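Coordinate inspection notes
Read off the chains here:
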Amino acid sequence: MWSISELKLRADKALKANYRNSVLISGVFYMLFCGGISNSLHIDLGDILPLPAKLNISGLLFKMPESKLGTIITAAVIIVLTLLIKAFIINPLQVGVARFELNALNSDGKFSDIGYGFRTSYMRNVKAMFMCSLYILIGFILFIIPGIIMSYQFMMVPYILAENPDIDRKEALKLSEKYMDGNKQNTFYLDWSFLLWHILGKITFGIAELLYVGPYLRLTHAALYEAIKK
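Reading guide: rules and limits
- Residues numbered from 1 in each chain as written.
- Predicted model: local features only at pLDDT ≥ 70, side-chain atom pairs only at ≥ 80, totals over all residues.
- Heavy atoms only, no water.
- Helix = DSSP H or I, 4+ residues; strand = E, 2+ residues; numbered from the N terminus.
- Buried < 20%, exposed > 50% of the residue type's maximum accessible area, 1.4 Å probe, protein only.
- Areas by Shrake-Rupley, 256 points an atom, 1.4 Å probe, with all protein chains shown as cover.
- Expected span 1.5 Å × (residues − 1).
- Bend = angle between axes of the 7 residues up to and from the residue.
- Salt bridge = Lys/Arg side-chain N within 4 Å of Asp/Glu carboxyl O.
- Contact = heavy atoms within 4.5 Å.
- Axes fitted to C-alpha atoms, helices over the stretch in contact; angles between N-to-C directions.
- Parallel < 35°, antiparallel > 145°, perpendicular 65-115°, else oblique.
- pLDDT = per-residue confidence, 0-100.

Focus: the overall build of the protein
If you tally the helices and strands in the protein, you get 12 helices and 3 strands. Here the protein holds 230 residues, and 44% of them are scored as buried. Of the roughly 12600 Å² that the protein leaves accessible, carbon and sulfur atoms contribute 68%.

Written as structure tokens, this is what we have:
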């Protein structure tokens, strides 16, 4: 049985040995999820009625006519673009990051590992990660708790895809369910053990999250994957 302290210790050692590349990859995550793609496609839902919708794409501001139809069309375009970017760019990127983390735990992680999800079994990675996102979304729509359970149920999929280039996407999802069976609750406790670190990240306006907390947490999850797999 794995312990939180052992996982964190292994992750901390891997982070120290691969700090530069870990921070570079953390920077890519930050740009995509905090300051880049995720925010370059933005709609102010508070403007749906009756104010004009505001669409910001890559720093350009467009103002739609003051009509519900125009705003609905704008919102639909934003949603579709966001889903496409997540499916075809961010999801394969997560597989590449998982590849880096596994390599960092066992030897030397290279920054080029981040492109693994694009170079190897790209469409399988896209489909598998999309199905994960879909199941999790459905869980949150039904109720918050099923969504949280789904999140933990499929959290090992990126690592499975990163380590097994020939595995079928359906098998990857089933294997993640198998790995997380009986491990969800303890993994939840593991994530909560990072609460103070995340507070530090907020206090430092994301700097601590970028330079230490984010890479530390992701490497701990990779160590969890290897511990469960064994």
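Some details on the environment of P146
Position of P146 relative to the elements: it lies in helix 7 (residues 144-153). Classification of P146 as partly exposed rests on a relative accessible area of 30%. Sequence spacing of P146 and Y135 is 11 residues, and the spatial spacing of their C-alpha atoms is 9.7 Å.

Focus: helix 4 (residues 68-106)
Residues that lie three or four places apart on an α-helix share one face, since the helix turns once every 3.6 residues. The first and last C-alpha atoms of helix 4 sit 55 Å apart over 39 residues, in line with the 57 Å expected at 1.5 Å per residue. At K86, helix 4 shows its maximal kink, close to 40°.

A look at unusual backbone geometry
In this model, S121 sits at a positive phi of 50°, which is unusual for a non-glycine residue. Among the secondary structure elements, S121 is positioned in the loop between helix 5 (116-119) and helix 6 (122-142). Positive phi, close to 60°, is recorded for F205, a residue that is not glycine. The exposure class of F205 is exposed, given its relative accessible area of 75%.

Side note on the pattern of salt bridges
By the definition in use, this model includes 4 salt bridges. When the shortest N-O distance is used, the salt bridge between E226 and R10 registers 2.8 Å. In this pair, E226 is assigned in helix 12 (residues 207-229) and R10 in helix 1 (residues 4-17), connecting sequence segments 216 residues apart. For R218, the salt bridge goes to E101, with nearest N and O atoms at 3.8 Å. In this pair, R218 sits in helix 12 while E101 sits in helix 4, placing the two residues 117 residues apart along the sequence. Neither R218 nor E101 differs from the other in exposure class; each is buried.

Details of the environment of D191
On the secondary structure map, D191 appears in helix 10 (residues 184-192). With 187 residues separating them along the chain, D191 and I4 place their C-alpha atoms 9.5 Å apart. Ignoring any residue separated from it by four or fewer positions in sequence, one finds D191 in contact with Y152, L217 and H221.

Here's the deal with helix 6
Taking 1.5 Å of rise per residue, the 21 residues of helix 6 would be expected to cover 30 Å, and the 30 Å separating its terminal C-alpha atoms lies within 8% of that figure. Within the span of helix 6, buried status applies to R124, N125, V126, A128, M129, C132, I136 and G139. Where the residues of helix 6 are buried, they touch helix 4, helix 5, helix 7, helix 8 (157-163) and helix 9 (169-180).

Regarding the packing of helix 7 against helix 10
Relative orientation of the contacting elements helix 7 and helix 10 amounts to 95°, with a least axis distance of 10 Å. Looking at the two axes, helix 7 sits roughly perpendicular to helix 10. Seen from helix 7, the contacting residues are I149, Y152 and Q153; seen from helix 10, they are K184, T187, F188 and D191.

Concerning the confidence of the model for the protein
Mean pLDDT over the protein stands at 86; residues scoring 70 or higher make up 85%. Put simply, strand 1 (residues 41-43) is where the protein has its lowest mean pLDDT, 35, and helix 8 is where it has its highest, 98. Within the model, the stretch residues 35-64 combines pLDDT values under 50 with 49 contacts to residues more than four positions away or in other chains.

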